[in-house]
Amino acid sequence: MPDDSPIGRAPVQRPPHGRAKVGRAVGKARLPAEDVTSLIRAESPEPPPVFVDPSGARRRRLRWATYAAGLLPVLVLAAVWVSQLTGPAAPPARPSCSAGACTR
């Protein structure tokens, strides 16, 4: 009769499946967010939201303001790029003064 036990390995016990039952505390605990405290009562209704804009005008204005604020840095960067492509700035010509008469 062959021996079916693995050689060189210890038997591994798997953890039990299901819910643990320990004493009288059986089941799931309430979440702290759902718990009633002395400062916040769970049965009080929540106030209505402050910023309600069913027409969507506020969102459209904010979107266009964001576009304008984003366009400004793009224009500044384009101006810097164009100024770099045009070449270095030439210094102004120095006036030549000879015998008291200065000309350019």
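Rules used throughout
- Residues numbered from 1 in each chain as written.
- Predicted model: local features only at pLDDT ≥ 70, side-chain atom pairs only at ≥ 80, totals over all residues.
- Heavy atoms only, no water.
- Helix = DSSP H or I, 4+ residues; strand = E, 2+ residues; numbered from the N terminus.
- Buried < 20%, exposed > 50% of the residue type's maximum accessible area, 1.4 Å probe, protein only.
- Areas by Shrake-Rupley, 256 points an atom, 1.4 Å probe, with all protein chains shown as cover.
- Phe/Tyr/Trp six-rings, centres within 6.5 Å; stacked < 30°, edge-to-face > 60°.
- Expected span 1.5 Å × (residues − 1).
- Patch = residues over 30% accessible without salt bridge, like charges linked within 9 Å, V, L, I, M, F, W, Y side chains within 5 Å.
- Salt bridge = Lys/Arg side-chain N within 4 Å of Asp/Glu carboxyl O.
- Lys, Arg positive; Asp, Glu negative; His and termini not counted.
- Charge placed at Lys NZ, Arg CZ, Asp CG, Glu CD.

**Re the overall build of the protein**
Okay, so step 1: Helix and strand content of the protein: one helix and two strands.
Okay, so step 2: Expressed as a percentage of its 104 residues, the buried residues of the protein come to 1%.
Okay, so step 3: Summed over all atoms, the accessible surface of the protein reaches about 11200 Å², with 63% contributed by carbon and sulfur.

**Overview of the packing of aromatic side chains**
Okay, so step 1: Throughout the structure, instances matching the rule amount to one aromatic pair.
Okay, so step 2: Consider the rings of Trp-64 and Tyr-67, whose centres lie 5.4 Å apart with planes at 85°: the pair is edge-to-face. Linking Trp-64 with Tyr-67, this pair stays in helix H1 (residues 57-85), spanning three residues, or about one helical turn.
Okay, so step 3: By relative accessible area, which is 58% here, Trp-64 ends up exposed.

**A closer look at H1**
Okay, so step 1: The terminal C-alpha atoms of H1, which comprises 29 residues, lie 42 Å apart, in line with the 42 Å expected from a rise of 1.5 Å per residue.
Okay, so step 2: Looking one or two places after H1, you find Gly-87, whose phi comes out positive at around 105°.

**Quick notes on a positive patch on the surface**
Okay, so step 1: On the surface, a cluster of positive charge is made up of Arg-58, Arg-59, Arg-60, Arg-61 and Arg-63.
Okay, so step 2: For Arg-60, the location among the structural elements is in helix H1.

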